[in-house]
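# Working through the structure, step by step
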Protein chains: 2
Amino acid sequence: MSQPATGTEVHLFSDVSRLVERRDGRFDGDLSAQWTIGGKPNGGYLLAMLGRAAVLVGAHRDVIAASAHYLRAPEPGPVVVEAEVLRAGRTASQLSARMSQGDSVCVEALLTTADLDETSVPYWRGGLPDEGTVPYDGCDRLVPELPGGTRVAIMEQVEVRLEPGSSGFTRGSPSGRGELRGWLALPGDEPFDPMSLLYAVDSFPPATLDVESAGWVPTLELTVYVRALPVPGPVMVLQRAELVDGGRVDELCFVWDGTGRLVAQGTQLAGIRLG
Amino acid sequence: MSQPATGTEVHLFSDVSRLVERRDGRFDGDLSAQWTIGGKPNGGYLLAMLGRAAVLVGAHRDVIAASAHYLRAPEPGPVVVEAEVLRAGRTASQLSARMSQGDSVCVEALLTTADLDETSVPYWRGGLPDEGTVPYDGCDRLVPELPGGTRVAIMEQVEVRLEPGSSGFTRGSPSGRGELRGWLALPGDEPFDPMSLLYAVDSFPPATLDVESAGWVPTLELTVYVRALPVPGPVMVLQRAELVDGGRVDELCFVWDGTGRLVAQGTQLAGIRLG
């Protein structure tokens, strides 16, 4: 169901986030020019690569918590990723990881890893917002150009579909709620896993577009909790802005799999110019 | 208005979080046995000490984003805190910081610092929950013992007051909403600042107490955004649990100053045994 726009080459998440181990124990990565917004690689995509490094050097399978601070936006092209174990525990481990390009560190992250239990079921979910109600086919695919003309190459790869009630901003009439709801599918219909969920929580456009149009909204900090293993297929996403103050906005993100199970949560602080 | 229980010595936040620079550029701290829950120092209190180190070694005044991963719970007593600048920018800087006790690292954090603007006003706040409506004097002070008998020494120092609708768990009848609302005041009525706000977002008991009683709920990850400079006086707090799954719970925290301005937000992932 998720196909890139006609004539566009498919750049699979598993390919664009691949790491190759070097002799020095660090990893080579190659940031795809196709996974960019206005030429800048997506922040969740970068965090997913740090997650890969953490799992490669650590003893646990899944990233369950990751917090990234963004120092500089890297360009598409070669990067070096490294991770080190801070504490190796029986049920969980903590690691630090960073991505560099040339002599510059671009992203620093702390990660906690564990083995997600395939058999667990949610015990209590009374504090979660409701997931969306509009099916995948009832949502419109977001086109790869934002109001203001910023080209969003990544939208030719992933499929972001917005509920009709969330897509007003694409027609110049945002709802004012600061809330975007819809679906996300990976290129080539790759199934989600805890690694691509690190990307999923940063996959939607800024929820402030549902209030008013702004230029680049660069992520300063992104925290992700991976709560459960998702079933194959697209995921439902709710991206919500809470407060714009002092040139910064915070956004919450909720990701449910097709069965309605919450599989990941994100919170981010970003810079924004409004008013 | 905030006085420790009769006969209890006052341990000011500014004292218990104080750092003294060492010859090697690191800092000595002394974790107070009075700022503990069941004998373990509060996680937000530890993060505030990392925040102090970050501001001491960096070029900006205020921590605006901090993400901590908790490796081991330290004991009350001496700790060593260190921080290093990862990037020094014009308007913001990023740092890493850690707290060690003996040979063990207990907490690792990444921090972004900037200078909060005293003159800024909120531009849009449409996505925030409402702040509380019950005044400070209409809320009951939380006693320093949780259901189950865990002694909470810190509650003899800080004043946590819960709205009547949130305090059912203290009488054995939680509301089931997973939401605690009320006020927080520091010992000796110290005014809040961005440093003590790093503590404030972890000051309330686990919001899961409003669902059912659990033992120790150890914080695994805590992320804080400081959004504005607070006016003097107690702050309003909303602590909300969203999902208990796989032995872990996430909680959101919102902190408003007395004028109703949102000054800090927190999100945490913690371990929990329920069911």
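Residues numbered from 1 in each chain as written. Chains lettered and ligands numbered in written order. Predicted model: local features only at pLDDT ≥ 70, side-chain atom pairs only at ≥ 80, totals over all residues.

Glancing now at the overall build of chain A. Check the secondary structure of chain A and you find three helices and 16 strands. Computed over its C-alpha atoms, the radius of gyration of chain A comes to 18 Å, within 12% of the 19 Å expected for a compact globule of 275 residues. Oriented by its inertia axes, the alpha-carbon framework of chain A measures out at about 50 × 45 × 45 Å. (Helix = DSSP H or I, 4+ residues; strand = E, 2+ residues; numbered from the N terminus. Rg over C-alpha atoms; globule rule 2.2 N^0.38 Å.)

Often, the extent of an interface is quoted as the loss of accessible area upon association of its parts. Taken together, the contact between chain A and chain B spans 46 residues of the former and 46 residues of the latter. For the side of chain A that touches chain B, the element with the highest residue contribution is strand 14 (residues 235–245) of chain A, accounting for six residues. Of the residues in the side of chain A that touches chain B, the class split is 20 nonpolar, 15 polar and 11 charged. Bridge count for strand 14 of chain A against strand 9 (residues 122–124) of chain B is two bridges, and the pairing is antiparallel. Opposite Val 244 of chain A, over in strand 9 of chain B, you have Trp 124 of chain B as the bridge partner. (Contact = placed C-beta atoms within 7 Å. Nonpolar A, V, L, I, M, F, W, Y, C, P; charged D, E, K, R; others polar. Pairing = 2+ DSSP bridges.)

So, about the pairing of strand 8 (residues 104–114) of chain B. Residue and element names in this part refer to chain B. Counting buried residues in strand 8 gives nine out of 11 residues, a clear majority hidden from the surface. Relative to strand 8, strand 7 (residues 92–101) is paired through 10 bridges, and the arrangement is antiparallel. The residue bridging Ser 96 from the neighbouring strand is Leu 110, located in strand 8. (Buried ≥ 20, exposed ≤ 12 C-beta atoms within 10 Å, placed from the backbone.)

The next subject is the relation of the copies chain A and chain B. When chain A is fitted to chain B, the residual RMSD is 0.0 Å, and the transformation amounts to a turn of 180° plus an axial shift of 0.0 Å. Here the two chains are linked by the operation of a two-fold rotation axis. For chain A, the minimum C-alpha distance to the rotation axis belongs to Ser 67 of chain A and amounts to 3.1 Å. Most of the interface of chain A is mirrored in chain B, where 100% of its interface residues again form contacts. (Least-squares fit on C-alpha atoms with pLDDT ≥ 70 in both.)

The backbone of Asp 189 of chain A sits at a positive phi, close to 55°, despite the residue not being glycine. Take Asp 189 of chain A: there are 14 C-beta atoms within 10 Å of it, and that puts it in the partly exposed class.

Taken residue by residue, chain A gives an average pLDDT of 94. The fraction at 70 or more is 96%. Scored by ipTM, the complex comes to 0.95, with pTM at 0.96. (pLDDT = per-residue confidence, 0-100.)

What follows deals with helix 2 (residues 43–57) of chain A. For an α-helix, 3.6 residues make a turn, and residues three or four places apart therefore share a direction. A rise of 1.5 Å per residue sets the reference length of helix 2 of chain A, with its 15 residues, at 21 Å; its end C-alpha atoms lie 22 Å apart and thus fit the reference within 8%. Here helix 2 of chain A lies mainly inside the structure; 13 of its 15 residues are buried. (Expected span 1.5 Å × (residues − 1).)

This part is about the nonpolar core. The biggest cluster of nonpolar side chains holds 178 residues, and the ones touching the most others in it are Leu 50 and Val 255 of chain A together with Leu 50 and Val 255 of chain B. If we skip the residues at most four places from it in the chain, Val 255 of chain A touches Leu 197, Ala 200, Val 201, Val 235, Val 237, Val 263 and Ala 264 of chain A. (Core = buried A, V, L, I, M, F, W, Y, C linked by C-beta atoms within 7 Å.)

Here the focus is the pairing of strand 13 (residues 219–226) of chain A. Residues and elements named next belong to chain A. Burial analysis of strand 13 places eight of its eight residues in the buried class, which makes it a mostly covered element. Alignment of strand 13 against strand 16 (residues 262–271), held across seven bridges, turns out to be antiparallel. Across the sheet, the residue bridging to Thr 219 is Ala 270, located in strand 16.

Residues and elements named next belong to chain A. Relative to the helices and strands, Pro 230 is located in the loop between strand 13 and strand 14. Expressed as a C-alpha distance, the spacing of Pro 230 and Phe 204, which sit 26 residues apart in the sequence, is 18 Å. With residues near it in sequence (within four places) discarded, Pro 230 still touches Phe 192, Leu 197, Val 235, Asp 257 and Val 263.

Residue and element names in this part refer to chain A. Considering the arrangement of structural elements, one finds Thr 113 in strand 8 (residues 104–114). Overall, the presence of 27 C-beta atoms within 10 Å leaves Thr 113 in the buried class. C-alpha of Thr 113 to C-alpha of Ala 59: the two residues are 54 residues apart in sequence and 8.3 Å apart in space. Discounting residues that sit within four places of it in the chain, Thr 113 has contacts with Ala 54, Val 55, Gly 58, His 60, Asp 62, Val 63, Ile 64, Ala 92, Ser 93 and Leu 95.

Residue and element names in this part refer to chain B. Following the sequence through the fold, Pro 174 ends up in the loop between strand 11 (159–162) and strand 12 (179–185). Pro 174 sits in the buried class, given 22 other C-beta atoms within 10 Å. Separated by 39 residues in sequence, Pro 174 and Ser 213 have C-alpha atoms that sit 8.8 Å apart. Beyond its immediate sequence surroundings of up to four residues, Pro 174 is in contact with Gly 168, Phe 169, Leu 209, Asp 210, Val 211 and Glu 212.

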